[in-house]
Amino acid sequence: MRRSPKTRLGAVAAVAAVALAAAACGSSGSPSGSKALTASAPGITPSQILIGSHQPLTGVAAPGYDEIAPASNAYFQYVNAHGGIYGRKIVYKYLNDQYDPTDTASVVHQLVLQDNVYAIFNGLGTPTHLAVVKYLNSSKVPDVFVASGCECWNAPGTYPDTFGWQLDYIREGKILGSYIKQHFAGKKIGYFYQDDEFGMDGVKGLNYELPKSQVVASESYNPAVTNVAPQVTALKAAGAQVVVSFSVPAFTALLKLTSLKLSFSPQLVVSDVGSDPITLAGLLQSFAKQGGATVSGNALTQGIITDGYLPSLGDTSNSWIQLFTKLHSKYLPKLPLDGNVAYGLAVGYTFVQAMLKAGRNPSRQDLINAINGGLPQGAAVAPYAYSSSDHNGITGAYMAVVKNGVLVPTGPVQVTDDSPTGAITTETAAQPAAPASGIPSP
Amino acid sequence: MTLLRHLAVAVGAGLILLALSVKVTPYRDYQIAEVAAYVVAVAGLTVLIGLSGQISVGNGAFMAVGGYAGALLLIHQSWPLALVFAASAVIAAAAGAIFGLAAARLRGPYLAGATLMLAVALPSLADQYTGVFGGDQGLSASITTPAFLGATFPPTRWQAWLTCAAALITLVLLANLRRSRVGRSWRAVRDDEVAAALSGLNVARLQILAFVVSAACAGLGGALLAVVTGIVAPGAYTLTLSIGLLTAAVLGGLGSLPGAVWGSLVLVLVPTYLTNVTASHGLSGAASSSVPIAAYGVVLIVVMLVFPAGIQGALRRIFGPAAPAAAVPLNALRRRRPASEHEEEGIHEKIT
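Residues numbered from 1 in each chain as written. Chains lettered and ligands numbered in written order. Predicted model: local features only at pLDDT ≥ 70, side-chain atom pairs only at ≥ 80, totals over all residues.

Q: Report on the overall build of chain B, specifying residues and quantitative values.
A: When helices and strands are counted, chain B shows 16 helices and two strands. In chain B, buried positions account for 52% of the 352 residues. Sequence-distant contacts in chain B: of pairs separated by 6 or more residues, those separated by 24 or more amount to 77%. (Helix = DSSP H or I, 4+ residues; strand = E, 2+ residues; numbered from the N terminus. Buried ≥ 20, exposed ≤ 12 C-beta atoms within 10 Å, placed from the backbone. Contact = placed C-beta atoms within 7 Å.)

Below you can see the structure in the form of structure tokens.
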């Protein structure tokens, strides 16, 4: 294939720009900076970096979450079009596991053994990823930025090659719990959570903050069973006035609709992963339609309390949101600009940060070392926790309420740790702005 | 004599598989291991349906029993692997015996219905007792490569060895069972229950025994598959799995043990191949995940129309017209069907 002189010029310019940036950042154009690109690790060739992922492209967790991998891929296309990672292009192969752990095991074996990927990036889901975390670590495949806030990924001793990314559910549970303690003192609280490490971690965090006497019901659901009437009936019978939900979007929607049907209207407080207003509105409308009813998705999501660890999409003056909007309109015009797209773009940015830090010809271990050394704050409102003894990602979030389909922050960014007693503090430093190029500097 | 011949074939196949497993990539080893695990389960089913004439749409549930038994033993006991596998087969066989007691009273579609119920209901037990079975998330069932093979030995090759050894042992045992008094009695029961009873056979006991054997195979297959994929979770043991096993048995040729191998190859390789094809053609997630299922249906229809006796039946027709037809055509499932080719196998003379 012939490349037009214009793109070649563009590529040269981009490489030059990256080289300049590298020089400016203090790698000072040492001889190592101009080393030839080699096939330094499985999945890495002089021209590309192949990474893989398991994603729910169909099935119960697909609504909303199926936008994440295309969004990350859009960010990689953007980086590839602007010089790539030291000239290498990122190739992102994500396979459908239908949010079924058995399928996850099968597609991840395929990615690692057949496609020989450099790393598994942003594998989505707690129950699903738990099926492969041991395998990836025993095979020494970097398992970076798992799309789940389970504490399971923060085990540098057992799983040295695994890193979380999003706000972990314990921290999130603490932040939600302390908000509820302050704003709904004396109210009866019910829990609604997914019956696995995802839900249980969230409940753990909530319990660190909320007095036991206030919690009147604790109901779990199985993601394979879409009837949640028994749980909602129990929450109603217990007289819950506030229901805290650690659920995937489809089950937040089912909770809301089933509550409506049973004329039960508690204040909903929903974990970030289950509260994206655009995804929820779509789900509410399509579920209601299946049941022969018409509802306004936006009206039903109005007033849901949640938290956000990425800047609110409603904040159009934020440099990150401007970057996301630009990338969205260029690469993802068919998808809504919602929390999932923002998530995919933001985690793609983090991966590029880590790859640039891993060096020109990185081994698999170089990537692990790079993240263990800590990464500068990216698109998230709070810094990462990464160190050799902590493999959690984002450390804080702001509380927000859903208004007209966007999150409206109701308070400052709060950061905390994942221990039972660690204090929740207000983050004083402002979030650094997005780089003008949209690409992190190495 | 027969035993020796079967052993010789098994040893030969084992040597070929050993050579193959060393030659191929780790991913192919993984697929070999998957196929071998399915072979065990499908072979048990094909014996049940093809020989004893009972139909089961629920052998996926027995795989679940074996898989969970294996995983729980691996987690809670430090037994040698062979013992874990044997115990999984025994536990599944016990489940099969209990179910077989009820099933021996049922016939045709009623039996199919009862086994269908088992396939639907049993895996959801895992969600009822999350403390033991880990709920939807399942249990980990990973094994480590033994130290004497060295640290760099590909784990999937070790898994391929384990599963292939288990599959070959199972096939030898089943092949001998087929040729034994029990196998002949099963065929007599299948062909005509009344005649079999008049000949002094205990029909109910033979039918239960067939269920036990097929459940034991399914259980062993389930435990092997659990070790290969590293996980047992209810999502693996849906009705689709049970139907898949049945499909594989029919595709390969009911009652034929080599047929179980062909059927398992189709079961594992066709979906993987098609997923790759659809992925490389950039189909959307929803479309690409339906293609394998649709193609599977097409393969099934075509094979059934062109080769009613399954792949093994077709091979025999093409390569060995003189050989006795071991594969039973689909219509063998009808009770009291008219005499057909496989009565050459000498049922009557042995029984009377």
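Q: Quick one: what's the story with the overall build of chain A, residue by residue and with numbers?
A: Looking only at helices and strands, one finds 15 helices and 14 strands in chain A. Taking 22 Å as the expected radius of gyration for a compact globule of 442 residues, we find that chain A reaches 22 Å, a close match to that expectation. When the backbone C-alpha atoms are referred to their principal axes, chain A occupies close to 70 × 45 × 45 Å. Burial status across chain A gives 59% buried among its 442 residues. Contacts in chain A between residues far apart in sequence, at least 24 positions, make up 69% of those at least 6 positions apart. (Rg over C-alpha atoms; globule rule 2.2 N^0.38 Å.)

Q: Residues and numbers for the confidence of the model for chain B, please.
A: All names here are of chain B. For chain B, mean pLDDT is 84; residues scoring 70 or higher make up 87% of the total. Low pLDDT (under 50) marks residues 334–352, which in the prediction has 17 contacts with non-local residues, meaning those over four places away or in another chain. On the interface metric, ipTM, the complex scores 0.74, and its pTM is 0.81. (pLDDT = per-residue confidence, 0-100.)

Q: I'd like a rundown of helix 12 (residues 239–252) of chain B, residues and numbers included.
A: All names here are of chain B. If you check helix 12, its first and last C-alpha atoms are 20 Å apart, about what 14 residues at 1.5 Å a residue would give, namely 20 Å. Counting buried positions along helix 12 gives 11 out of 14 residues, so the element sits mostly inside the fold. Those residues of helix 12 not exposed but buried are Leu 241, Ser 242, Gly 244, Leu 245, Leu 246, Thr 247, Ala 248, Ala 249, Val 250, Leu 251 and Gly 252. Following helix 12 by one or two positions, Gly 253 adopts a phi angle in the positive range, close to 125°. (Expected span 1.5 Å × (residues − 1).)

Q: Please give an account of the packing of helix 14 (residues 339–358) of chain A against helix 15 (residues 364–372) of chain A that cites residues and values.
A: Residues and elements named next belong to chain A. The interhelical angle for the contact between helix 14 and helix 15, taken along N-to-C directions, is 110°, at an axis separation of 8 Å. When the axes of helix 14 and helix 15 are compared, the pair comes out roughly perpendicular. Crossing handedness for the pair helix 14 and helix 15: right-handed. Here Ala 354, Met 355, Lys 357 and Ala 358 of helix 14 lie close against helix 15, whose contacting residues are Asp 366, Leu 367, Ala 370 and Ile 371. By residue class, the composition of the contact of helix 14 with helix 15 is six nonpolar, no polar and two charged. (Axes fitted to C-alpha atoms, helices over the stretch in contact; angles between N-to-C directions. Parallel < 35°, antiparallel > 145°, perpendicular 65-115°, else oblique. Left-handed = near helix turned anticlockwise from the far one by under 90°. Nonpolar A, V, L, I, M, F, W, Y, C, P; charged D, E, K, R; others polar.)

Q: Provide a residue-level description of the environment of Gln 114 of chain A, including the pertinent values.
A: For Gln 114 of chain A, the position within the fold is in helix 4 (residues 101–114). Residues Gln 114 of chain A and Ser 213 of chain A lie 99 residues apart in sequence; the distance between their C-alpha atoms is 53 Å.

Q: Could you give me a rundown of the domain arrangement of chain A, with the residues and numbers involved?
A: Residue and element names in this part refer to chain A. We note that the domain assignment places domain 1 (35–167 + 313–395) and domain 2 (170–308) within chain A. Once you take the C-alpha centre of each, domain 1 and domain 2 turn out to be 28 Å apart. Opposite the 19 residues of domain 1 that make contact, domain 2 presents 18 residues. Within the residue set of the side of domain 1 that touches domain 2, elements represented by two or more residues are helix 2 (62–65), helix 5 (126–130) and helix 14. (Domains from an automatic or database assignment.)

Q: So what's going on with unusual backbone geometry? Which residues, and what values?
A: All names here are of chain A. With a phi close to 60°, Asn 116 is a non-glycine residue in the positive phi region. Looking at where Asn 116 falls in the secondary structure, it is placed in the loop between helix 4 and strand 3 (119–121). On the basis of neighbour count, Asn 116 is assigned to the partly exposed category, with 17 C-beta atoms found within 10 Å.

Q: Any details on the sheet that holds strand 2 (residues 89–96) of chain A? Residues and values, ideally.
A: Consider a sheet: its strands pair through backbone hydrogen bonds, and that pairing is either parallel or antiparallel. All names here are of chain A. Spatial ordering of the open sheet is given by 2-1-3-4-5, a layout of five strands whose pairing is parallel. Two strands lie at the open edges of the sheet, namely strand 2 and strand 5 (162–164), each paired on one side alone. Taking the axes of each pair of neighbouring strands and ignoring which way they run, one obtains an average angle of 20° across the sheet. Across eight bridges, strand 1 (residues 48–55) lies against strand 2 in parallel orientation. Its bridge partner being in strand 2, Ser 53 is matched across the sheet by Tyr 94. Along the sheet, helix 3 (residues 68–81) makes contact with strand 1 and strand 2, crossing strand 2 at roughly 170°. (Pairing = 2+ DSSP bridges.)

Q: So what about the packing of helix 3 (residues 59–76) of chain B against helix 11 (residues 203–229) of chain B? Which residues, and what values?
A: All names here are of chain B. Between helix 3 and helix 11, whose axes approach to 6 Å, the crossing angle comes to 55°. In terms of orientation, helix 3 and helix 11 fall into the oblique class. You can see that helix 3 and helix 11 cross each other, and the crossing is right-handed. Of the residues in helix 11, those touching helix 3 at Asn 59, Phe 62, Met 63, Ala 64, Val 65, Gly 66, Gly 67, Ala 69, Gly 70 and Ala 71 are Ser 214, Ala 215, Ala 218, Gly 219, Leu 220, Gly 221, Gly 222, Ala 223, Leu 225, Ala 226 and Val 227. The class makeup of the residues in the contact of helix 3 with helix 11 is 13 nonpolar, eight polar and no charged.

Q: Account for the environment of His 54 of chain A, with residues named and values stated.
A: All names here are of chain A. Along the chain, His 54 falls in strand 1. Judged by local crowding, His 54 falls into the buried class, with 32 C-beta atoms found within 10 Å. His 54 sits 154 residues away from Tyr 208 along the chain, and the two C-alpha atoms are 32 Å apart.

Q: Summarise the pairing of strand 8 (residues 242–246) of chain A; cite the residues concerned and give the values.
A: Regular strands have side chains that alternate between both faces of the sheet. All names here are of chain A. Within strand 8, five of the five residues are buried, which leaves the element mostly enclosed by the surrounding structure. In strand 8, alternate side chains face the same way, and those of Val 242, Val 244 and Phe 246 on one face and Val 243 and Ser 245 on the other are all buried. Bridge count between strand 8 and strand 9 (residues 267–270): four bridges; the pairing is parallel. Opposite Val 242, over in strand 9, you have Gln 267 as the bridge partner.

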